[in-house]
Amino acid sequence: MAVDGLDIEIEEKTIHSVIGPNGAGKTTFFNCITGFYKPEAGEIFLENHSLVGLMPDRIVRLGIARTYQNIRLFPDLTAIENVLVGMHAHLKSSYLGIILNTPFVKREEQEAEDEANRLLKFVNLETKANMLSKHLPYGDQRRLEIARALATRPKLLCLDEPTAGMNSGETQAMCDFIQSLRDDLGITIMLIEHQMRVVMGISEIITVLDYGKKLAEGTPDEIKRNPKVIEAYLGQGSAAQSH
Amino acid sequence: MQTKFQRWKESITATDIVMWVIGFALLVLIIFGSILTLRAGRYTPVQWFDFVIYGLAQGSIYALVAMGYTLVYGVLRMINFAHSEVFMSGPFTAYYVAAYFYRSSLLESHPVICLIIVFIVSMSISTLIAFLLERIAYRPLRNAPRLIPLITAIGASFTLMYLFRGLYGTGFQAYPVWKIFDGKWALFQGLEIGKMQLFVIFAAALVMIALYMFIQRTRIGKAVRSVSEDKEAASLMGVDIDKTISITFIIGGAAAGAAGVLYALVFKQVFFMMGFIPGIKAFTAAVLGGIGNIPGAMLGGLLLGLLESIGPALFLDGYNVVAPYQLKDAIAFLVLVLVLIFRPTGLLGERLAVKKA
Amino acid sequence: MEQIRAIWRYGIKVGIIGGIVLVLMALIGMIEVFTQRQVIADIISMGHALYLAAGLFICYMAAKRTTPAKPLWIISNSIFAGLTTAFFLVLLIILGRNVNLRMMFINASDLLLNNLLTFGVEGNSGILLLLYVGMFTGLITGCFYLLPKIVRTVILWSLAGSAFAGVLQELIRPILTNNFPDAISEWLLTSDGLTMRGALSIFIFIALAIISWSIKGAGIKQGWQGLPKKQQSTWRTIGTIILLAIILVAPWRLGLFMSEVMTIVGLYVLLGLGLNIVVGYAGLLDLGYVAFFAIGAYVTALITSPEIMNLNWSLWAAIPFAIFFGILAGVLLGVPVLKMRGDYLAIATMGFGEIIRLLVLSDALRPFLGGSQGIGKIAKAQVLGFVFKGPQEIYYLIIAGCILVIFVSWRLKDSRIGRAWKAMREDEDVAQAMGINLVSNKLLAFGTGAGFAALSGVIFGSKIGSIYPHSFNIMVSINIVCLIIFGGIGSIPGVIVGAAALIGLPELLREFAEYRFLVYGIALVVMMLIRPEGLWPEEAHKRELHKGNAKEAPG
Amino acid sequence: MKVKRAATIHDGSVYAEQLANVFAETFKKNGGTIVAQEAVAPTDTDMKPVLTKIITAKPEFIYYPIFVAAAGHITRQVKEVSGYEKVALMSADGAYSVDFYKAAGESAVGMYHSSPDFEAFGKVYEDFLQKHLKKYGEKTLAPFHAHAYDAANLIFNAIKKVAKKEKDGTLYIGRKALRDALYATKNMKGITGTINCNEYGDCADPRIAVYKTGVENIKTLVMPKKSFWKP
């Protein structure tokens with residue numbers, strides 16, 4: 001069992017980080033929230049709406065979007081197409097309407113394209129809109145993935161290690177970017193991270209996981225001082241042996 | 001707190017229900033048909049036994065060919081469509097050796113030695129073709145999108161089929177008869193089993209067990225398994241990927257060559273298109289068992305053979321359907337689809353499914 | 001030492017492969033059969049042209065492979081390649097003299113071994129001649145390789161053009177005689193091949209065209225891009241109108257045979273566009289696609305034919321029913337395979353296709369579906385007394401169908417639904433996580449594809465007049481998958497080009513029917529090896545290549 | 001022949017199914033019963049299950065007018081299924097060739113074939129065989145040859161009547177005109193006899209005979225000369 005007895009509450013418009021050693025069940029936790037795994041017991045609510053048992057596409061429509069630890073863009077689609085796919089759920093064009101090219105469809109497509117371009121501009125990719133996403137540089141791919149997630153108009157955005165594989169300059173840029181997401185767009189952000197510096201720098205609340213259980217929760221300062229966390233991170237080996 | 005049952009109930013979608021209804025209806029039809037047939041009592045127990053033996057003999061040939069599909073699928077994740085031509089090429093070439101033995105009456109005097117030589121020729125030709133196939137047609141496409149190697153494989157299949165047609169002509173060549181396989185062995189209570197069927201089942205089982213042991217026990221086999229688990233990790237551990245993939249093709253080719261001779265011994269005819277139908281059947285068998293899984297290929301092959309042999313008589317005869325054996329392939333495919341509906345990764349294909357998710 | 005070995009090793013390596021290929025080509029009878037057709041009347045036959053072309057290609061490859069690319073070494077390698085190849089053929093000839101090869105290789109005739117392979121000279125002097133020819137081929141090719149690139153391109157294309165004209169003379173002749181004064185066709189063609197002057201004039205014409213394009217081409221392109229948008233679009237409209245006009249008059253200017261070929265290609269374009277939605281857009285590998293084609297044809301037959309249900313409706317009435325049942329079948333067959341992926345999906349759909357065919361064929365359902373006798377007397381379409389009966393008339397029905405289907409595919413392609421399909425093709429899980437409902441979008445893809453196939457089935461039934469289960473076997477599905485990928489997966493013009501190349505060309509070369517599938521197979525393999533994106537790839541890739549090249553950075 | 005219970009097998013081709021049905025009707029008219037009507041695919045190889053199924057109906061006679069490959073499989077495998085010791089086998093001209101003898105081997109001894117009556121063809125046919133032997137250096141392969149030859153001539157004659165040559169060298173052959181011309185053929189001297197066509201387009205001189213294969217036929221790979229039964 002990867003995650004067990006976890007109880008987390010996420011405040012609106014916060015940046016909430018989930019940290020923990022390797023195999024602590026962070027990504028599994030994400031997969032449960034976004035509907036890829038079905039928890040055997042327990043409840044997940046978004047604004048009083050139960051998410052358990054819903055298909056991932058329903059959950060996205062309710063307002064939870066995510067990115068992936070190892071980037072998963074649509075490699076053979078262009079950057080703008082990637083973003084447009086993210087908008088899928090909000091577009092209303094019907095099959096017949098598309099074929100007949102009704103004025104409604106025309107207008108909606110135009111608006112969608114404008115919004116996609118706005119989002120690309122927001123992540124500084126407006127000049128690369130027509131490049132295939134597989135040909136984008138790594139950092140661009142990370143940002144494009146976030147833009148795609150934003151296109152679903154989420155209330156809660158789950159970022160799975162957005163700074164993995166980045167150097168310190170890029171990491172800093174990404175941190176600023178995440179903060180601007182919350183500040184400018186008012187989106188609640190949940191973050192899985194490995195790099196303590198990132199976590200401590202930008203999050204308001206941190207939850208520490210270990211062996212699928214919640215070890216501690218609190219502000220960065222509280223977490224830094226928490227002895228259990230220190231043991232889990234430093235004394236990982238000894239802790240494992242004692243089990 | 002909800003119980004597991006409630007959760008399960010919630011996660012069911014409309015399509016699931018439709019599928020269960022369809023599947024259940026088909027199952028009821030099948031079972032009801034079987035009961036009708038059995039109650040009609042047209043077939044004696046001896047005949048049922050015969051059906052099983054015929055099915056097993058045919059199925060073990062399918063299983064051997066299916067091994068090739070499954071092995072290649074394991075390491076390359078591609079349908080080696082041209083495997084049916086690997087199956088055809090060996091026995092077709094070995095026909096000329098067998099015909100020579102027959103003309104020079106060596107076949108009369110040393111049947112066993114001749115048989116072994118025919119096996120060796122067939123297996124080496126099939127192996128060679130499989131090896132060349134991988135080198136020329138598949139290796140350059142190792143990292144191409146999934147559909148590209150499929151098309152190459154179809155193209156290679158056509159090329160090989162019509163190359164052999166050009167070389168050896170369009171006619172049916174009749175394999176000589178090995179007198180040692182004529183006749184039957186009586187078991188108890190009137191049951192008897194054809195020597196040929198017994199030999200085919202036995203030989204196929206032997207080859208399969210040998211290959212399975214080879215894959216499970218030897219160093220090379222371990223390399224093959226590691227490549228099919230995770231190519232990158234295997235290459236980091238010092239496994240030579242190219243060599244291992246070549247070996248996989250060679251093993252699959254050898255199995256197909258052996259299967260081809262067994263096929264030629266049973267059915268006595270070889271011609272350039274003989275691979276096509278058994279190839280499709282064997283691939284179906286591999287999928288039925290769970291592609292990528294070696295015991296799955298064996299199970300799938302035997303099951304498919306049995307279905308083809310027993311299915312029409314058991315399921316359809318009770319309804320007095322006209323010409324039920326015309327529908328034997330339809331039954332086989334129907335069962336395949338049913339299996340895939342309830343186990344989308346085949347009978348033994350769990351492992352792969354978990355990895356892909 | 002290593003340096004000196006380079007003088008011959010590449011030549012011999014390539015020569016061995018080339019020798020084996022040529023020996024196989026001789027043994028499968030290709031050379032013998034093709035010598036019956038003249039490329040240039042009384043000068044060179046197709047068999048010998050092919051034989052020499054293969055030799056030239058081998059020597060060229062040897063020259064290309066030579067690593068220290070010094071002129072002398074290139075020529076010597078090329079000569080070695082020619083000699084080695086010839087040596088293999090000599091071995092074959094000597095073997096054929098001592099052993100009766102026909103016991104095994106039915107095409108190893110005396111004529112082939114002792115006359116054709118040695119250019120008509122028999123006996124030992126023939127063997128000598130063969131070696132000389134090998135050497136000279138090598139020498140010429142080696143020298144040719146050293147020429148500047150532009151000269152090589154010009155010569156190669158011009159040669160290929162002349163050869164192509166020689167091979168396709170049956171096609172060219174009616175086009176010329178129907179549309180131009182007789183003098184032109186008499187200048188170019190005799191009754192069995194190009195004339196020498198014809199071949200030369202084609203050669204010179206193509207050479208001039210290539211040279212002038214290489215000088216002026218860039219300028220023309222720039223001029224086009226420099227034109228204002230409005231002018232560009234007017235020119236485009238004019239171009240489209242001209243194209244349409246050509247398409248409309250084509251069957252009457254090209255004759256019956258070509259119209260027949262075009263209708264067949266058109267049917268496959270319809271089928272291809274349908275499967276393109278399922279495989280190309282949505283990434284669902286469907287090997288049972290022919291089932292929907294069959295359903296369309298059978299519904300049409302049942303409704304319009306007097307033979308089984310005796311409804312005798314008109315074909316127009318049948319079309320909506322056929323399409324409806326096609327879509328219904330697409331959705332119904334789509335439901336069970338929703339959860340399957342990749343190759344499981346492929347094999348399950350193939351199973352469905354076969355089940356449909358076997359049911360239609362079966363004696364059990366014969367009273368309802370006609371069994372192996374099929375259903376005959378299917379109605380022809382009629383508009384105001386104009387009957388779509390022969391290939392030249394059916395052609396318009398197909399063109400209308402194609403235009404409709406192209407329009408629908410094109411509308412869907414860059415729409416919300418098309419993007420959802422493409423996202424599913426790329427990554428199903430992520431697509432779902434982006435709010436795409438997999439069930440409805442997959443069923444939409446299956447339904448659309450099936451609808452196109454059913455429409456194609458209607459036209460097919462009406463064209464043939466009677467349908468048999470044998471017309472709907474799995475090879476049809478496989479052919480369609482091949483033509484989609486050959487043309488460029490996901491691309492609408494790609495489907496048309498793919499159908500023309502894989503269905504149309506072999507029809508035109510029917511005389512060589514024996515080698516049709518061999519060439520088809522080799523073409524598939526070679527194409528996937530050298531140009532896996534297809535003949536006319538999807539637009540996004542091209543657009544990207546234009547804009548992205550400069551900025552491209554490693555991922 | 002004194003058989004009362006017969007079974008038929010066809011392979012889903014128009015040719016085989018028609019023959020099987022015509023046989024069944026005639027057989028029933030003459031007081032026999034058709035105990036089983038089965039079908040296989042031309043590509044099938046394992047016929048033992050279907051043969052086992054048929055034997056449960058206890059036929060005394062099996063008619064399978066199918067082609068060389070599948071007919072060869074059936075003929076061989078009949079010997080491997082118990083219950084067939086006394087059942088007579090009969091195929092039609094689709095499998096009446098040397099190739100079939102190769103495919104079926106010694107199992108074909110004693111089986112019957114319905115085929116065009118070669119003896120009735122007479123002198124013209126002998127001449128044709130001689131010409132063929134001279135031209136191609138081998139004997140004719142299938143029993144269709146005589147009919148194919150006649151059919152080709154039939155069509156050539158009809159085409160000559162209706163074809164119009166256009167200026168580009170293309171031959172335009174009106175489909176309906178051709179059919180009418182074909183169906184109107186009367187008294188053409190072919191090698192299979194005098195050919196008359198009726199308004200349905202049935203053209204042959206319907207003389208069918210039954211041949212029986214003996215041991216020496218298989219050994220020498222020569223088709224039987226004398227017919228076993230003639231109308």
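Residues numbered from 1 in each chain as written. Chains lettered and ligands numbered in written order. Predicted model: local features only at pLDDT ≥ 70, side-chain atom pairs only at ≥ 80, totals over all residues. Heavy atoms only, no water.

Colleague: Would you take a moment to explain the overall build of chain C for this structure?
Modeller: Broken down by element type, chain C carries 24 helices and 6 strands. Principal axes of the C-alpha set define a box for chain C whose edges measure 75 × 60 × 55 Å. Out of the 555 residues in chain C, the part that is buried amounts to 55%. A fraction of 72% describes how many contacts in chain C between residues 6 or more apart in sequence connect residues 24 or more apart. Distance between charge centroids for chain C: 9 Å, based on 41 positive and 29 negative side chains. (Helix = DSSP H or I, 4+ residues; strand = E, 2+ residues; numbered from the N terminus. Buried < 20%, exposed > 50% of the residue type's maximum accessible area, 1.4 Å probe, protein only. Contact = heavy atoms within 4.5 Å. Lys, Arg positive; Asp, Glu negative; His and termini not counted. Charge placed at Lys NZ, Arg CZ, Asp CG, Glu CD.)

Colleague: In this structure, what is going on with the interface of chain C and chain D? I would like to understand it.
Modeller: How big an interface is tends to be stated in terms of accessible area lost as the parts join. Counting from both sides, the interface comprises 13 residues of chain C and, opposite them, 11 residues of chain D. With both chains or domains summed, chain C and chain D bury close to 1100 Å², and 40% of this area falls on carbon and sulfur atoms. Summed over the three residues of chain C that lose the most area to chain D, namely Asp-363, Ser-372 and Gln-373 of chain C, the buried surface amounts to 38% of that side. Inspection of the chain C/chain D interface yields 1 salt bridge. Broken down by secondary-structure element, the contributors of at least two residues to the side of chain C that touches chain D are helix H9 (169-179) and helix H12 (229-281) of chain C. No other element matches the 4 residues that H9 of chain C contributes to the side of chain C that touches chain D. (Buried area = accessible area lost by both parts, 1.4 Å probe. Salt bridge = Lys/Arg side-chain N within 4 Å of Asp/Glu carboxyl O.)

Colleague: I would appreciate a short explanation of helix H8 (residues 195-217) of chain B in the present structure.
Modeller: An α-helical turn contains 3.6 residues, so a residue and the one three or four places further along point in the same direction. Taking 1.5 Å as the rise per residue, H8 of chain B with 23 residues should run 33 Å; its terminal C-alpha atoms sit 32 Å apart, in good agreement. Regarding H8 of chain B, the residues found buried are Met-196, Gln-197, Val-200, Ala-203, Ala-204, Met-208, Leu-211 and Ile-215 of chain B. Looking at the buried residues of H8 of chain B, the elements they touch are helix H3 (45-76), strand S3 (192-194), helix H9 (219-229), helix H11 (241-267) and helix H13 (294-316) of chain B together with helix H2 (48-55) of chain D. (Expected span 1.5 Å × (residues − 1).)

Colleague: Would you explain helix H7 (residues 168-185) of chain A in this entry?
Modeller: Residues and elements named next belong to chain A. For H7, built from 18 residues, the straight-helix expectation of 26 Å at 1.5 Å per residue is met to within 8% by its first-to-last C-alpha distance of 25 Å. Turning to H7, its buried residues are Thr-171, Met-174, Cys-175, Phe-177, Ile-178, Ser-180, Leu-181 and Arg-182. The inward-facing, buried residues of H7 contact strand S1 (15-19), helix H5 (103-122), helix H6 (138-151), strand S5 (156-160), strand S6 (188-192) and helix H8 (196-202). Of the residues one or two after H7, Gly-186 is the one with positive phi, at around 70°.

Colleague: Would you mind showing me how to read a negative patch on the surface here?
Modeller: Residues and elements named next belong to chain A. Together, Asp-7, Glu-9, Glu-11 and Glu-12 give the surface a local cluster of negative charge. Checked against the element boundaries, Glu-11 lands in the segment before S1. For Glu-11, a relative accessible area of 48% puts it in the partly exposed group. (Patch = residues over 30% accessible without salt bridge, like charges linked within 9 Å, V, L, I, M, F, W, Y side chains within 5 Å. Areas by Shrake-Rupley, 256 points an atom, 1.4 Å probe, with all protein chains shown as cover.)

Colleague: Is there a simple way to explain the domain arrangement of chain C in this structure?
Modeller: All names here are of chain C. Here chain C is partitioned into domain 1 (1-146), domain 2 (149-212) and domain 3 (254-471). With centres defined by C-alpha atoms, the gap from domain 1 to domain 2 works out at 27 Å. On the side of domain 2, 15 residues touch domain 1, which itself brings 10 residues to the contact. Counting the surface lost from both domain 1 and domain 2, the interface buries some 1000 Å², and carbon and sulfur atoms represent 63% of this. Linking domain 1 with domain 2 are 0 salt bridges, by the criterion used here. Counting across the domain 1 and domain 2 interface gives 2 residue pairs in polar contact (both at pLDDT 80 or more). Elements with a contribution of two residues or more to the side of domain 1 that touches domain 2: strand S1 (38-40), helix H4 (46-65) and helix H7 (124-146). Examining the composition of the side of domain 1 that touches domain 2, we find that 3 residues originate from one element, S1, more than from any other. (Domains from an automatic or database assignment. Polar contact = N/O pair within 3.5 Å; in protein donor to acceptor, adjacent residues only side chain to side chain.)

Colleague: Could you clarify how one ought to interpret the nonpolar core in this entry?
Modeller: The tendency in soluble globular proteins is for nonpolar side chains to be buried side by side. Formed by 322 residues in total, the largest nonpolar core has its most connected members in Trp-178 of chain B together with Leu-117 of chain C. Filtering out sequence-adjacent residues up to four positions away, Leu-117 of chain C remains in contact with Ala-26, Ile-31, Tyr-51, Leu-89, Leu-92, Ile-93, Leu-112 and Leu-130 of chain C. One finds Val-123, Leu-144, Ile-187 and Ile-189 of chain A within the second-largest nonpolar core, a separate group that totals 38 residues. (Core = buried A, V, L, I, M, F, W, Y, C linked by side-chain atoms within 4.5 Å.)

Colleague: Got a minute to help me understand the packing of aromatic side chains in this structure?
Modeller: The geometry of two aromatic rings is summed up by the distance between their centres and the angle between their planes. Within this structure, the stated rule accounts for 40 aromatic pairs over all chains. With a centroid separation of 5.5 Å and 70° between ring planes, the pair formed by Phe-293 of chain C and Phe-472 of chain C is classed as edge-to-face. Of the two residues, Phe-293 of chain C is situated in helix H13 (residues 290-304) and Phe-472 of chain C in the loop between helix H20 (438-464) and helix H21 (474-487); the sequence distance between them amounts to 179 residues. Take Phe-293 of chain C: its relative accessible area is 5%, and that puts it in the buried class. For Phe-472 of chain C, a relative accessible area of 3% gives the class buried. Put simply, the rings of Phe-92, Tyr-95, Tyr-96, Phe-164, Tyr-168 and Tyr-175 of chain B together with Phe-105 of chain C touch in pairs and so form one group of aromatic residues. In this structure, Arg-148 of chain A is placed above the aromatic ring of Phe-74 of chain A, and the distance from its NZ or CZ to the ring centre is 4.8 Å. A cation over a ring is seen here: Arg-516 of chain C above Phe-517 of chain C, with NZ or CZ 5.6 Å from the ring centre. (Phe/Tyr/Trp six-rings, centres within 6.5 Å; stacked < 30°, edge-to-face > 60°. Lys NZ or Arg CZ within 6 Å of the ring centre and 35° of its normal.)

Colleague: Please explain the interface of chain C and chain B as it appears in this structure.
Modeller: In this complex, chain C contributes 51 residues to the contact, which on the side of chain B involves 57 residues. At the boundary of chain C with chain B, total buried surface from both sides reaches about 4800 Å², with 79% on carbon and sulfur atoms. Sorting the residues of chain C by area buried against chain B places Asp-343, Tyr-344 and Ile-347 of chain C first, and these three jointly supply 15% of that buried surface. Across the chain C-chain B interface, the total number found is 0 salt bridges.

Colleague: Looking at this structure, how should I read the pairing of strand S8 (residues 213-218) of chain A?
Modeller: The side chains of a regular strand alternate, first on one face of the sheet and then on the other. All names here are of chain A. As paired strands, strand S7 (residues 205-210) and S8 are joined by 5 bridges and run antiparallel to one another. Counterpart to Ile-206 in the pairing with S8 is Gly-218. Two successive antiparallel strands, S7 and S8, enclose a turn made up of 2 residues, where Tyr-211 displays a positive phi of approximately 50°. (Pairing = 2+ DSSP bridges.)

Colleague: Looking at this structure, I do not really get the side chain of Ser-157 of chain B. What am I missing?
Modeller: All names here are of chain B. Structurally, Ser-157 can be placed in helix H7 (residues 147-168). Judged by its relative accessible area of 4%, Ser-157 is buried. Polar contacts involving the side chain of Ser-157 include one to the side chain of Glu-85, which spans 2.7 Å. Contacts of Ser-157, omitting those with residues within four sequence positions, involve Phe-81, Ala-82, Ser-84 and Glu-85.

Colleague: Got a minute to help me understand the confidence of the model for chain C in this structure?
Modeller: Detail in the predicted coordinates should be disregarded across regions flagged by low pLDDT. Residues and elements named next belong to chain C. Scored by pLDDT, chain C has a mean of 85; 96% of the residues are at 70 or more. Below pLDDT 50 for its whole length, residues 545-555 participates in 11 contacts with residues either more than four positions away or in separate chains. We note a pTM of 0.86 for the whole complex and an ipTM of 0.83 for its interfaces. (pLDDT = per-residue confidence, 0-100.)

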